[in-house]
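If you want the building blocks of each chain, they are given just below.
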Amino acid sequence: MQNLEYLISQLESKITQFEISNNNVSEGNVGWHIEHSLKTIDQIVTACKNSNPSNYHWKFNFKRFLILTIAKKIPRGKAKAPKIVRPEGEINHETLAISLLKVRKNLSDWKDLNKYTNFPHPFFGVLNKKETEKFLILHTNHHLMIINDILN
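Presented here is a report on the structure given in the accompanying data block. These numbers were taken from a predicted model, which means no experiment stands behind them. (Residues numbered from 1 in each chain as written. Predicted model: local features only at pLDDT ≥ 70, side-chain atom pairs only at ≥ 80, totals over all residues. Heavy atoms only, no water.)

1. Brief notes about the overall build of the protein chain
Heads up, the rule is: What counts as a helix is a DSSP run of H or I of at least four residues, what counts as a strand is a run of E of at least two, and both are numbered from the N terminus. Based on C-alpha atoms, the radius of gyration is set beside the globule rule, defined as 2.2 Å times the residue count to the power 0.38. Here, two residues are considered to be in contact whenever any of their heavy atoms come within 4.5 Å of each other. Only four residue types enter the charge count: Lys and Arg as positive, Asp and Glu as negative, with His and the chain ends excluded. Charge positions come from single atoms, namely NZ of Lys, CZ of Arg, CG of Asp or CD of Glu.
Each helix and strand counted, the protein chain has five helices and two strands in total. Order of helices (α) and strands (β) in the protein chain, N terminus to C terminus: α-α-α-α-β-β-α. Here the protein chain has a C-alpha radius of gyration of 15 Å; the compact-globule value for 152 residues is 15 Å, and the two agree. For the protein chain, the proportion of contacts with a sequence separation of at least 24, taken over those separated by at least 6, is 80%. On the protein chain, the mean spot of the 21 positive side-chain charges and the mean spot of the 14 negative ones are 10 Å from each other.

Below is the structure:
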């Protein structure tokens, strides 16, 4: 999770620019992408903590294999964020700082979770702990790239 922690620090460094937008890049402003990324991490980590590792059974998923193993990149504009991880309400310095603290606290015991901890992804199927880490890194990096394009 060191890579994800580094990416979270990168998100944190962009908070001061949360109001900046560029509709040529994205409908969401910088703050929206930060909040969405943090909300996604928090929801997925919580789902993993609440999962039953003994219920995990690996099953081949071509989309998961292609994105997490071959491409190692999430294509832009191909999927819409599920409602549960779409930011709602006002986004500002305070709300982003609260989300950041919440995510860091939630991640603090990640290393202690069983390797078959899992969560059901809507496109990639059920992901175990290792696959979940890969996805969270790819997803966070995807939104950091969008943020950087908004800012440039």
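2. Section: the nonpolar core
Definition in use: In this text, buried Ala, Val, Leu, Ile, Met, Phe, Trp, Tyr and Cys residues form a nonpolar core when linked through side-chain atoms within 4.5 Å. The classification of residues rests on relative accessible area computed with a 1.4 Å probe and restricted to protein chains. Under 20% of the type maximum is buried, over 50% is exposed, and intermediate values are partly exposed.
Formed by 33 residues in total, the largest nonpolar core has its most connected members in Ile8, Ile34, Leu38, Ile41, Leu107, Phe135 and Leu136. Where this core is concerned, the elements lending two or more residues are α1 (2-13), α2 (30-49), α3 (62-71), α4 (93-107) and α5 (129-151). Excluding residues that lie within four positions of it along the chain, Ile34 makes contacts with Leu11, Lys14, Ile15, Leu96 and Ile147.

3. Structural notes on the pairing of strand β1 (residues 118-121)
Applied cut-off: What makes two strands pair is DSSP finding at least two bridges between them.
Here β1 runs beside strand β2 (residues 125-128); their pairing, made up of four bridges, is antiparallel. Along β2, the bridge assignment pairs Phe119 with Leu127. Counted along the chain from β1 to the antiparallel partner β2, the turn is three residues long.

4. A closer look at the packing of aromatic side chains
For any pair of aromatic rings, the description rests on two quantities: the centre-to-centre distance and the angle between the ring planes. Spelled out, the test is: In this analysis, rings of Phe, Tyr and Trp, with Trp reduced to its six-membered ring, are considered paired at centre separations within 6.5 Å, and the interplanar angle assigns stacked below 30 degrees, edge-to-face beyond 60, and tilted for intermediate values.
The final tally for this structure, using the stated rule, is four aromatic pairs. Between Phe60 and Phe65, the aromatic rings sit 6.0 Å apart at their centres with planes inclined by 45°, giving tilted as the arrangement. Of the residues examined, Phe65 reaches a relative accessible area of 37% and is grouped as partly exposed. Following the ring pairs from residue to residue traces out a cluster consisting of Trp58, Phe60 and Phe65.

5. Focus on a nonpolar patch on the surface
The following threshold applies: Only residues whose relative accessible area exceeds 30% and that take part in no salt bridge are eligible for patches, with like-charged residues grouped when within 9 Å of each other and nonpolar side chains (Val, Leu, Ile, Met, Phe, Trp, Tyr) grouped when within 5 Å. For accessible areas, the Shrake-Rupley method is used with a probe of radius 1.4 Å. Any residue's cover is judged against the shown protein chains and nothing else. Any Lys or Arg side-chain nitrogen found within 4 Å of a carboxyl oxygen on Asp or Glu counts as a salt bridge.
A surface patch of nonpolar side chains, amounting to about 670 Å² of accessible area, comprises Trp58, Phe60, Phe62, Phe65, Leu66 and Ile70. Along the chain, Phe65 falls in helix α3.

6. Section: the packing of α2 against α5
The line we're drawing: Only the stretch in contact is used when a helix axis is fitted, and all axes are lines through C-alpha atoms; the angle between N-to-C directions ranges over 0 to 180 degrees. Each angle receives one of four descriptions, namely roughly parallel if under 35 degrees, roughly antiparallel if over 145, roughly perpendicular if within 65 to 115, and oblique otherwise.
Contact geometry for α2 and α5: axes closest at 9 Å, N-to-C directions at 175°. The angle between the axes of α2 and α5 places the two elements in the roughly antiparallel class. Residues Val30, Trp32, His33, Ile34, His36, Ser37, Thr40, Ile41, Ile44, Val45 and Cys48 of α2 lie in contact with α5, whose contacting residues are Thr132, Phe135, Leu136, His139, Thr140, His143, Ile146, Ile147, Ile150 and Leu151.

7. A word on the environment of Arg64
Heads up, the condition is: The term polar contact refers here to a pair of N or O atoms within 3.5 Å; inside protein, the definition further demands a hydrogen-donor-capable atom paired with an acceptor-capable atom, and it admits residues adjacent in sequence only when both atoms are side-chain atoms.
Examined against the element boundaries, Arg64 turns out to sit in helix α3. What Arg64 contacts, discounting residues up to four positions off in sequence, is Trp58, Lys59, Thr69, Phe124, Val126, Leu127 and Glu131. Polar contacts involving the side chain of Arg64 include one to the main-chain carbonyl oxygen of Lys59, which spans 2.4 Å. A distance of 3.4 Å separates a polar atom in the side chain of Arg64 from the backbone oxygen of Val126.

8. Details of the pattern of salt bridges
Summed over the entire model, instances satisfying the criterion amount to five salt bridges. A salt bridge links Arg104 to Glu12; its shortest N-O distance comes to 3.1 Å. On the criterion of sequence distance, the pair formed by Arg104 in helix α4 and Glu12 in helix α1 is long-range, its members being 92 residues apart. In this structure Arg104 comes out as partly exposed when scored by relative accessible area, which is 33%. Classification of Glu12 by relative accessible area gives partly exposed; the value is 35%. Two residues, Asp42 and Lys102, come together in a salt bridge whose shortest N-O distance is 3.3 Å. You can see Asp42 sitting in helix α2 and its partner Lys102 sitting in helix α4, a full 60 residues away along the chain.

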